[in-house]
Amino acid sequence: MGEKGNILIIAKVMLPYTSSFGSSQRIYYLANYLAEKGFHVTVMAEKTGKVNAELNAMERKYESYWLEGKPCFDTGILNTGIAKKISGQIFNEIYEKTAFQHYLWRVANTGEILGYIRKKKIQTVIISGPYFSVFGLCGKIKQRYRNVKVVLDYRDPWNLWNNAHGIANILEHRNIRKCDKVVCFSEDFRRDMQKRFPAQKGKYEVVYNGFCEKTWNGIEIKPTEHNRMVFKYIGDISFPAGKGDFRNPKDLIDAFLNICKDRDVELQFIGVGQLTREMRMVEQKSKHKISFCSPVTVSESLRQMTEGDILISIHDAGNQSDKYILSAKLFDYLRSGKVVLNIGRAESALSRFVKREGVGFFCENQRTTIEKKLVWLYDLWQKNGRFIEWENRKFDCSIYSRERQNGKYMKLLKRL
C-alpha cells in the first residue's frame, strides 16, 4: 500500500472484550473495510473482562493489539465519591464515573503506544471516543512524530452533550487544534462543532454509522404475515431502568398495557441482556402480548426486524446529546424497510430524521403521548388492510450502508 498504508486505530473498548457489540461496531466495520482495501490496520484496545464468545467468532481482517490496564495507583481510590465528582468536572464525559480511570490507562500506556507507532512505521492514527480522556494521546503523538497524521473519531458528543465550558472544553479545543482531521457521526454534530471549535475548512468531515450490506444480503426479507400488529424493540434495555437511563421503556410498557387488552397487538423486546422478575410479571399481566427475549446473533436480530410492522427506538437522554445522535440501530431499521417509531423529544436528531425522510413517526417519552400514538398507528394499520409502510416510498437508504460510508472514510484518509 502507499505511504498512508499503516493505520493504527485506538479504541479503548473493542470486541471480543466487551458485552455489547454496539460500543465497538463502528470501529470493527471500519477496520475490516480498510484491511479489505489493502491497508495494514491494527486496532489497539484494552484487554479487560471476559471474552464474549459470540463476538470472538466474528471475522477480523485487521490485527489486534491488546494493552493491559495498568493503574498508576490503587484504583480503589477512584471509586470514592470525591474522585468521581472531580473526574466528572475535569473530563465532563457522559461516563463521568470512569473517565479518570481511562485517563490513567492512557497515561500508563502512552510509552507502549508511541513505541508501537515507531516500530510498525505507522503513518495514520485514528483515536475513537468516547472515552474522550484518551484523545489526549493526540498531543503526545504529534509531539514525538510530527509526520504521523492523527484523526479524532467521535462516536458521541463530548462537551456539546451538556454545552459545558470548563476544563474539558479547553482540553477538547486543544486536541482539535493539534489533530489533522475530526470525523463526526452526523451533519448536525459537524455543524455545531465547527461553531464551537472553529477550524480551517475541511478539518471536520462526516461519516455516518450505517448498516452492513454484506450481512443484510444474507437476510431474506419476507412480507409480514401475522394477524397481530407487531411492534419490536431490538437491543438491550433495562427494566426497571436505572436513574438517567436514556432507553427507559417504562412509559412504553405502561402505555402498551393500556391499549393491548382489546386490540390485536404485540410488543417484543429482542436482545435483553438480563431478564428480570419485573419483565416476567409484565409478560403475565399482558397475557404475553408483551415479551422479552435474550440476546440473539447479529443475523438473527436483523431477521427479527424484518418480521415487525413497527420498529421502536427509544432515546431520551434529557440533554443536548439528543440533538445529534443517530444510533447505529436506526440504519439497520432503515435497511429492513419497516416503519420506525422514535420515542424521544421532537427536536432530537432521531425524531427529525424519521420525519424529514418520511420513514416513520415520533412521540415524546410520556405514557399518555405514547398511548395515543400507538392507537393512531394501530388504526392506520387496520385501515390499510393490516399493513403499514413509509410515507416516502422513494427513500433510498443505500447511501447509509457501511460500505458507502467507510468508502468516504478511506478517501479522507488518503487526502491527509
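Colleague: When you look at the overall build of the chain in this model, what are you seeing that I'm missing?
Modeller: When its secondary structure is counted, the chain shows 15 helices and 13 strands. The C-alpha atoms of the chain give 22 Å as radius of gyration, which agrees with the globular expectation for 416 residues (22 Å, within 12%). The C-alpha extent of the chain, read off along each of the three principal axes, is 70 × 50 × 40 Å. For the chain, the residues scored as buried account for 53% of the 416 residues in total.

Colleague: Before we go on, may I ask you to explain helix H14 (residues 367–383) in this structure?
Modeller: In an α-helix, one turn spans 3.6 residues, which is why side chains three or four residues apart end up on the same side. Taking 1.5 Å of rise per residue, the 17 residues of H14 would be expected to cover 24 Å, and the 24 Å separating its terminal C-alpha atoms lies within 8% of that figure. Ile370, Leu374, Val375, Leu377, Tyr378 and Trp381 are the residues of H14 that are buried. The buried residues of H14 occupy an angular sector of 165 degrees when projected down its axis, which confines them to one face. Among the exposed residues of H14, those oriented more than 90 degrees off its buried face are Lys372 and Lys383. Looking at the buried positions of H14, the neighbouring elements they touch are strand S8 (229–234), helix H9 (250–259), strand S9 (265–270), strand S11 (310–314), strand S12 (339–343) and strand S13 (360–363). Note on H14: the residue one or two positions beyond its end, Gly385, has a positive phi of about 75 degrees.

Colleague: I tried to follow helix H7 (residues 187–196) on my own but got confused; where do I start?
Modeller: Turning to H7, its buried residues number three or more, namely Asp188, Phe189, Asp192, Met193 and Arg196. Buried residues along H7 cover an arc of 125 degrees about the axis, so they all sit on one side. In the core, the buried residues of H7 are packed alongside strand S5 (149–154), helix H6 (167–178), strand S6 (181–184), strand S7 (204–206) and helix H13 (349–357). Structurally, the start of H7 carries an N-cap: the backbone nitrogen of Phe189 is 3.2 Å from a side-chain oxygen of Ser186.

Colleague: Before we go on, may I ask you to explain the sheet that holds strand S10 (residues 290–293) in this structure?
Modeller: Sheets are built from strands paired through backbone hydrogen bonds, the pairs being either parallel or antiparallel. The parallel open sheet is built from 6 strands, whose spatial order is S10-S9-S8-S11-S12-S13. Two strands close off the open sheet at either side, each with one partner strand: S10 and S13. Ignoring strand direction, the axes of neighbouring strands in this sheet form an average angle of 20 degrees. One ladder, built from 6 bridges, connects S8 with S9; its direction is parallel. Bridge pairing in S9 links Phe231 to Leu267. Here H9 sits on the sheet in contact with S8, S9, S10, S11 and S12, set at roughly 155 degrees to S9.

Colleague: So what exactly am I meant to see when it comes to the nonpolar core here?
Modeller: As a rule of thumb, nonpolar side chains are buried together in soluble globular proteins. By size, the foremost hydrophobic cluster in this structure holds 60 residues, and its most contacted members are Phe231, Phe269 and Ile312. Beyond its immediate sequence surroundings of up to four residues, Phe269 is in contact with Tyr233, Ile237, Pro249, Leu252, Ile253, Ile290, Ser291, Phe292 and Cys293. Listed in part, the 38 residues of the second largest apolar core include Tyr131, Ile176, Cys179 and Val182.

What counts, and where the lines are drawn
- Per chain, residues are indexed from 1 in the order of the written sequence.
- Given that the model is predicted, a residue must reach a pLDDT of at least 70 before its local features are reported, and side-chain atom pairs must reach 80 or more before they are shown or counted; all residues, however, enter totals for whole chains, interfaces and linings.
- The side-chain numbers reported here are obtained from all heavy atoms of the structure, hydrogens and water having been left aside.
- Numbering goes from the N terminus for both helices and strands, where a helix is a DSSP run of H or I of at least four residues and a strand is a run of E of at least two.
- We compute the radius of gyration over the C-alpha atoms and compare it with the globule rule, which gives 2.2 Å times the number of residues raised to the power 0.38.
- Accessible area is worked out with a 1.4 Å probe on protein chains only. A residue is then buried under 20% of its type maximum, exposed over 50%, and partly exposed in between.
- Here the expected length of a helix is defined as 1.5 Å per residue gap, with one fewer gap than residues.
- Working definition: the arc comes from the directions between the helix axis and the C-beta atoms, pointing outward to the latter.
- Between two residues, a contact is recorded if the distance between any of their heavy atoms is within 4.5 Å.
- Whenever two N or O atoms come within 3.5 Å, that pair is a polar contact, provided that in protein one can donate a hydrogen and the other can accept it, and provided that, for residues adjacent in sequence, both atoms are side-chain atoms.
- By the convention used here, strands pair only if DSSP detects at least 2 bridges between them.
- Interaxial angle, 0 to 180 degrees, is taken between N-to-C directions of lines fitted to C-alpha atoms, where a helix line uses only the stretch in contact.
- In this text, buried Ala, Val, Leu, Ile, Met, Phe, Trp, Tyr and Cys residues form a nonpolar core when linked through side-chain atoms within 4.5 Å.

Bear in mind that shape data such as this cannot, by itself, settle questions of function.
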